[in-house]
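# Results of the structural survey
One letter stands for each residue in the lines below.
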Amino acid sequence: MVTSKAAIVAGLTLAGQASAALQPIVMKGSKFFYENGTQFYIKGIAYQQDAAGAGGETTTGTFKDPLADAAACKRDVPIMAAAGTNAIRTYAIDPTADHSACMKLLDEAGIYVISDLSEPSTSINRDDPRWDVTLYKRYTAVIDEMSKYSNVIGFFAGNEVSNNATNTDASAYVKAAVRDSKNYIKSNVKRWMGVGYAANDDAKIRSEMAHFFNCGNQSEAIDFWGYNIYEWCGHNTIQGSGYQDQIDFFKNYSVPVFFAEYGCNIPNGADGRIFEETTALYSDAMTDVFSGGIVYMYFEEDNDYGLVKVSGNSAKTMKNYDKLKANVLAAKPKAVELDSYKPANEPAECPDVTSNWQVTGNALPPTPNESLCECMYNSLTCVPNKDVKPTAYGELFGVVCGNDPAACAGIQGNVSTGVYGSYAMCNSLQQLGYVMDQYYKNQKYASTACDFNGQASANGAAKADPTCSAALKSAEAANKVAATATAGTGNGGVGGSSGGAAATSSSFAAPVAMKSFFTVADMAVGMYVVIAMGVGAGMVML
């Protein structure tokens, strides 16, 4: 078992949780419960400044951690609590920061936290999806940090990553992140914390998406489903808004479902919101199926979805805050007790691979294994020179994979067949070294086959660590299978083509989602397929 901060904290003392005002939340069937057995409904607010707001995201990939700003929490937590809020959603936190002050204030106010595991520069990108060591370390660091607090319900492994029929391949990598985050929690945390996914409302893939994340081995499936939905605008009804369709669809879902974002601002902007949907959400018509929801969002910014205007150290509530407050405080959802609740819903069947849905539910990308990647790299007989910059990786991948596709099978994956190369989860440098070495071997170690115009060299000191020789042999055996199954597919993060035109979401009033950023090095890996298409034999740099 991996030793982690979470395990150390749990092992040292339970005093921190014993003194907490809030008891942990648990899951049974399709409902949440307090640990004492009383049903729990989420009455939440999204609490993080977005890209358009001061202090929010920037194009550099930075963000402001809302749970590391004690002064802001002292200002904002009482405002949220006064509106009946019992949960907040954060989109990115810094796992190295001190969250104790904010988490204590939230705890004392009766407010739980659900946080996304990613952050803008370290997330699964829908256009070049991968699940690798860097992401795994980021996700588990967040789990380590937040597991110290009993008022954390769980995490989202992704937010609207696959958002239409052209990028469903990314869902395979998000579900792999769900699997590995759940396994990490099981091994290192002494209580239940859930891992879920927050989806947009795209008509062409909504059912396949929900079924895919719920199907199969339940140790790999989501613990809860978050739905970002903006269909109820102004005056409407359960029937007219399309909510009845959601009730009918999710009535047989086997895990809790809630609105991870809601709060349409059409037709009159944020302050025109009247939150009739809030009343509906906690009514008898919906509580058999849905476990509440999270209003988007606390901060009023350029996208005009806010409840509160913040300027410096002052915060002023808006008219729509008062509407939400009145409706949340008036809500009295019916509840069942944990012991008497007998769930009967079963996990969904995995969706078929179609033109709109490219992902098989039979297999997922491999679990990131840093030691295996390091061992592999140390064993290579041909490696990139140390002065090769990440911006040059794309052309080098194009040269190798364009001329010797078999050399790249070990870093590729095919989401439609569920066959993945063993090193699809390694970093860009390790993957580049691997394909160069494979090319070198396939050229029977020709003296000119490990040069690449002076950007690679034979490694005379290559030596596999005997402690991982068995793992390397197993990986190579898997890569031989991948060589036949991934021919013609994309990189380590891409497999199968997402045929068809981009689907148009029916969620017409949804705000712009939190941006996803990715590094130049990762982009270079993703670009190699495009580059390889234009690489001819005459361009090989030997």
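A quick note: this is a predicted structure, and the numbers were derived from the prediction, not measured.

The rules behind the values
Residues numbered from 1 in each chain as written. Predicted model: local features only at pLDDT ≥ 70, side-chain atom pairs only at ≥ 80, totals over all residues. Heavy atoms only, no water. Helix = DSSP H or I, 4+ residues; strand = E, 2+ residues; numbered from the N terminus. Buried < 20%, exposed > 50% of the residue type's maximum accessible area, 1.4 Å probe, protein only. Areas by Shrake-Rupley, 256 points an atom, 1.4 Å probe, with all protein chains shown as cover. Disulfide = S-S within 2.5 Å. Axes fitted to C-alpha atoms, helices over the stretch in contact; angles between N-to-C directions. Parallel < 35°, antiparallel > 145°, perpendicular 65-115°, else oblique. Left-handed = near helix turned anticlockwise from the far one by under 90°. Contact = heavy atoms within 4.5 Å. Pairing = 2+ DSSP bridges. pLDDT = per-residue confidence, 0-100. Phe/Tyr/Trp six-rings, centres within 6.5 Å; stacked < 30°, edge-to-face > 60°. Lys NZ or Arg CZ within 6 Å of the ring centre and 35° of its normal. Nonpolar A, V, L, I, M, F, W, Y, C, P; charged D, E, K, R; others polar. Salt bridge = Lys/Arg side-chain N within 4 Å of Asp/Glu carboxyl O.

### Focus on the overall build of the protein
- In terms of regular secondary structure, the protein is built from 16 helices and 17 strands.
- The 542 residues of the protein split such that 56% are buried.
- A total accessible area of about 21100 Å² is found for the protein, and carbon and sulfur atoms account for 53% of it.

### Some remarks on the state of the cysteines
- Taken as a whole and assessed by the stated rule, the structure comprises seven disulfides.
- Disulfide partner of C215: C350, at an S-S distance of 2.0 Å. Sign of the S-S torsion, about 90° for the bond between C215 and C350, identifies this disulfide as right-handed. Here C215 is found in the loop between helix 7 (206–214) and strand 9 (224–228), whereas its partner C350 is found in the loop between helix 11 (319–330) and helix 12 (370–378), with 135 residues between them in sequence.
- Here C215 falls in the buried class, since its relative accessible area comes to 1%.
- The disulfide partner of C233 is C264, and the S-S distance across this bridge is 2.0 Å.

### A short note on unusual backbone geometry
- The amide bond that connects I266 to the next residue, P267, takes the cis arrangement and shows omega of 15°.
- Of note, P267 is situated in the loop between strand 10 (257–262) and helix 9 (276–281).
- The omega angle of the peptide bond from Y296 to M297 is 0°, so this bond is cis rather than trans.
- Phi angles above zero are rare outside glycine, and K444 is one such case at about 55°.
- Inspection of the secondary structure puts K444 in the loop between helix 14 (428–442) and strand 17 (456–458).
- By relative accessible area, K444 is classed as exposed at 70%.
- Backbone geometry places Y445, a non-glycine residue, at a positive phi of 60°.
- As for its position among the elements, Y445 is in the loop between helix 14 and strand 17.

### Focus on the packing of helix 12 against helix 14
- Axis separation between helix 12 and helix 14 bottoms out at 9 Å; the angle between their running directions is 40°. Taken together, the axis directions place helix 12 and helix 14 in an arrangement best described as oblique. Between helix 12 and helix 14 the crossing geometry is left-handed. Contacts between helix 12 and helix 14 involve C373, E374, M376 and Y377 on the former and, on the latter, L429, Q430, G433 and Y434.

### Points about the sheet that holds strand 3 (residues 39–40)
- Pairing is antiparallel in the open sheet, where three strands are placed in the order 1-2-3. Looking along the sheet, the strands with just one partner apiece sit at the ends: strand 1 (25–28) and strand 3.
- Where strand 1 and strand 2 (residues 31–34) come together, four bridges link them in antiparallel fashion. Bridge pairing links M27 to F32 in strand 2.

### Digging into the sheet that holds strand 11 (residues 290–295)
- Reading around the circumference, 4-5-6-7-8-9-10-11 is the order of the eight strands in this closed barrel, with parallel pairing throughout. Across this sheet, the average inter-strand angle for adjacent strands is 25°, counted without regard to direction.
- Here helix 7 sits on the sheet in contact with strand 8 (194–199) and strand 9, set at roughly 155° to strand 9.

### Observations regarding the environment of Y34
- Residue placement: Y34 occurs in strand 2.
- Distance from Y34 to E337, taken between C-alpha atoms, is 9.7 Å for residues 303 residues apart in sequence.
- Beyond its immediate stretch of four places on either side in the chain, Y34 contacts Q23, P24, I25, V26, Q39, F40 and Y112.

### Quick look at helix 13 (residues 393–403)
- Buried residues dominate helix 13, accounting for eight of its eleven residues.
- Regarding helix 13, the residues found buried are Y393, G394, L396, F397, G398, V399, V400 and C401.

### Overview of the side chain of S422
- Mapped onto the fold, S422 is located in the loop between strand 16 (419–420) and helix 14.
- What makes S422 buried here is its relative accessible area of 13%.
- Apart from residues lying up to four places away in sequence, S422 is in contact with P366, G410, A475, A478 and N479.

### Considerations on the confidence of the model for the protein
- For the protein, the average pLDDT comes to 86, and 84% of its residues sit at 70 or higher.
- Here residues 1–19 is modelled with pLDDT under 50, and outside its nearest four sequence neighbours on either side it reaches 22 contacts, counting other chains as well.
- Scored below 50 in pLDDT, residues 488–542 makes 166 contacts in the model with residues more than four places away or belonging to other chains.

### With respect to the packing of aromatic side chains
- Under the criterion given, the structure shown has 36 aromatic pairs.
- Ring plane angle 80° and centroid distance 5.3 Å describe the contact between F212 and F213, whose orientation is recorded as edge-to-face.
- According to the relative accessible area criterion, F212 is buried, its value standing at 0%.
- What makes F213 buried here is its relative accessible area of 0%.
- When the ring centre of Y282 is taken as reference, the NZ or CZ atom of K43 above it lies at 5.8 Å.
- Residue placement shows K175 over the ring face of F212; its charged tip is 4.8 Å from the ring centre.

### Some remarks on the packing of helix 6 (residues 170–188) against helix 7
- Following both chains from N to C, one finds helix 6 and helix 7 inclined at 30°, their axes separated by 10 Å at the closest point. The element helix 6 and its partner helix 7 pack so that their crossing is right-handed. Note on element contacts: helix 7 touches helix 6 through M209, F212 and F213, opposite S171, A172, V174 and K175.
- Of the residues contributing to the contact of helix 6 with helix 7, the split by class is five nonpolar, one polar and one charged.

### Let's talk about the pattern of salt bridges
- By the definition in use, this model includes 13 salt bridges.
- For R206, the salt bridge goes to D201, with nearest N and O atoms at 2.7 Å.
- Taking the shortest distance from any N to any O, the salt bridge between D288 and K334 comes out at 3.4 Å. With D288 in the loop between helix 10 (284–287) and strand 11 and K334 in the loop between helix 11 and helix 12, the pair connects residues that are 46 residues apart, well separated along the chain.
- Take D288: its relative accessible area is 49%, and that puts it in the partly exposed class.

### Section: the environment of S147
- One can find S147 in the loop between helix 5 (133–146) and strand 7 (152–159).
- The spatial distance from the C-alpha of S147 to the C-alpha of M193 is 8.0 Å, given a sequence separation of 46 residues.

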